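# Descriptive structure summary
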Amino acid sequence: MALASLRAKPLLYPPVDLSYFEKPIYHGDAEIRIGYAAITWNGKDAQAIEEISALGYPGIQLRANILKEFPDPHRVRDLLGEHNLAFVALSSGGAPMDPAKRQQAIDTHVKNAQYLREAGGKYLQVIGESSKNQTFSSTDYKYEGQLLTEIAKHVADYGIQTGFHNHMGTIGQAPEGLDAILQASDPRYVKLELDVAHYVQGGGNPAAAIRKYGPRVLFLHVKDTKPTSDPGGYEFVELGEGRVDFPAIFEALRSIHFRGWGIVELDRERAELSRTAKESAQISKDYLEQKVGVRV
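A short tour of the structure in this document, coming up. (Residues numbered from 1 in each chain as written. Predicted model: local features only at pLDDT ≥ 70, side-chain atom pairs only at ≥ 80, totals over all residues. Heavy atoms only, no water.)

## Description of the overall build of the chain
From N to C terminus, the chain includes 11 helices and 10 strands. Dimensions along the principal axes, computed over C-alpha positions, put the chain at roughly 90 × 45 × 45 Å. A buried classification covers 48% of the 296 residues belonging to the chain. Of the accessible surface of the chain, which amounts to about 14,900 Å², a share of 50% is contributed by carbon and sulfur atoms. Separation between the mean location of the 34 positive side-chain charges and that of the 38 negative ones in the chain comes to 5 Å. (Helix = DSSP H or I, 4+ residues; strand = E, 2+ residues; numbered from the N terminus. Buried < 20%, exposed > 50% of the residue type's maximum accessible area, 1.4 Å probe, protein only. Areas by Shrake-Rupley, 256 points an atom, 1.4 Å probe, with all protein chains shown as cover. Lys, Arg positive; Asp, Glu negative; His and termini not counted. Charge placed at Lys NZ, Arg CZ, Asp CG, Glu CD.)

Listed below in structure tokens is the structure:
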């Protein structure tokens, strides 16, 4: 009888919708820093470091070939320090869906994360399985998401965050594929490194993606693309020479109070236009500063 009476009593406090407390009311002003990727120099990383610094970019992304060029990560740390460059990200390779290659891939990314930490870097870039014109199932997306989570957990042991890079010609090419992979991965470990040009080329709207994924956006590739008559149907170009809407992208970043890095990237020198890697980097910098109002 006493128990029934106790159950009948009203709640001490009325029910409260706790969802209001899931995110802070104020995230702070947006702070977007712009770096440049060394890929354009095609492996000549010492030259890339010198020229990217000379142009005034404060950060750099390097590829995994740096491990062979500079086996001692402290040498890279010191070299970047001499040139006032932050080591923003390391391109670490892929996440293959072949179970026989799973452990090897994990070991490779862990080794790269160790190097990155010792070199003073921040983020590890990982791309998905190469598509080779194949279609993927929900099972494939789930496997990829789980593998990325496993990689990112191991990488986190070294204080490094993992960004999944949406990339043409991979399982993450289409916006719906990218979304399925992110849904299947643990958001505490697997973040998004959004390449805005690849996202456009894959059929998406990068400004909408930034608003959709919000705090999960770790850093970006600030990149441009335009259609061509070549077999691939497109090429990557200096900022402002393609069809990517950068004013909308930076407005979206400000709307989510993004505080982090955007890495300008161009895959190769534009030799057909007699442009060097440094000249292309200058063109993109001028576009950001003079047309978009983003200071480098």
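Having seen the structure, we can now continue with the description.
## A closer look at the layout of surface pockets
Each pocket or cavity is described by its volume, and for the second largest pocket that value is around 290 Å³. In this structure, the second largest pocket is lined by 20 residues; those nearest its centre are R63, S91, Q125, I127 and H167. Put simply, the parts of the chain that give the lining of the second largest pocket at least two residues each are β2 (59-63), β3 (86-94) and β4 (123-127). Ranked by residue count, the leading element in the lining of the second largest pocket is β3, at 4 residues. (1 Å grid on protein atoms, 1.4 Å probe; cavity = no way out; pocket = protein on both sides within 12 Å on 5 of 7 lines; lining within 4 Å. Points joined across faces, edges and corners; volume = space filled by probe spheres on them.)

## A few points about the side chain of Q125
With respect to the element layout, Q125 can be found in strand β4. Judged by relative accessible area, which is 8%, Q125 ranks as buried. Polar side-chain contacts of Q125 include one of 2.7 Å to the side chain of Q61. Residues in contact with Q125, not counting those within four places in the same chain, are Q61, L90, S91, S92, G93, G163, H165, E193 and H221. (Polar contact = N/O pair within 3.5 Å; in protein donor to acceptor, adjacent residues only side chain to side chain. Contact = heavy atoms within 4.5 Å.)

## A look at unusual backbone geometry
A negative phi angle is the norm for most residues apart from glycine, just as the trans form is the norm for most peptide bonds. The residue N42 is not glycine, and still its phi comes out positive at about 55 degrees. Examined against the element boundaries, N42 turns out to sit in the loop between β1 (31-37) and α2 (45-54). On the accessibility criterion, N42 (63% relative accessible area) is exposed. Phi is positive for N84, close to 55 degrees, though the residue is something other than glycine. Looking at the element boundaries, N84 is found in the loop between α4 (73-82) and β3. Residue N84 is classed as exposed on the basis of its relative accessible area of 65%.

## What to know about the packing of aromatic side chains
The final tally for this structure, using the stated rule, is 6 aromatic pairs. Judged by centre distance (5.3 Å) and plane angle (15 degrees), the rings of Y123 and F219 are stacked. Residue Y123 is located in strand β4, and its partner F219 is located in strand β7 (residues 217-222); the two are separated by 96 residues in the primary sequence. Per residue, the accessibility class of Y123 equals that of F219, and both read buried. On the numbers, 5.9 Å between centres and 70 degrees between planes, the contact of F246 with Y287 is edge-to-face. Separated by 41 residues along the polypeptide, F246 in helix α10 (residues 246-255) and Y287 in helix α11 (residues 277-292) bring together distant segments of the chain. Of the residues examined, F246 reaches a relative accessible area of 0% and is grouped as buried. A relative accessible area of 18% means that Y287 is categorised as buried. Here the aromatic cluster, defined as three or more aromatic residues joined through ring pairs, consists of Y36, W41 and Y57. In this structure, K223 packs its charged tip against the face of F236, placed 4.0 Å from the ring centre. (Phe/Tyr/Trp six-rings, centres within 6.5 Å; stacked < 30°, edge-to-face > 60°. Lys NZ or Arg CZ within 6 Å of the ring centre and 35° of its normal.)

## Describing the environment of A89
Structurally, the position occupied by A89 is in strand β3. Taking relative accessible area as the criterion, A89 reaches 0% and is therefore assigned buried. Along the primary structure A89 and L266 are separated by 177 residues, whereas in three dimensions their C-alpha atoms are 15 Å apart. Those residues in contact with A89 that sit more than four places away from it in its chain are I60, Q61, L62, Y123 and F219.

## Considerations on α2
Given 3.6 residues per helical turn, the α-helix brings residues three or four places apart onto the same face. Looking at α2, one finds that the buried residues are D45, A48, I49, E51, I52 and S53. Structurally, α2 contributes buried residues whose contacts are with β1, β2, α3 (66-69), α4 and α11. Positive backbone phi, approximately 95 degrees, marks G56, located one or two places after α2.

## Here's the deal with the sheet that holds strand β10 (residues 259-264)
The parallel closed barrel is built from 8 strands, whose spatial order is β1-β2-β3-β4-β5-β6-β7-β10. Across the sheet, the mean angle from the axis of one strand to that of its neighbour is 30 degrees, orientation sign disregarded. Examined bridge by bridge, β3 and β4 share 4 bridges and lie parallel to one another. Within β4, the residue paired with S91 across the bridge is Q125. (Pairing = 2+ DSSP bridges. Axes fitted to C-alpha atoms, helices over the stretch in contact; angles between N-to-C directions.)

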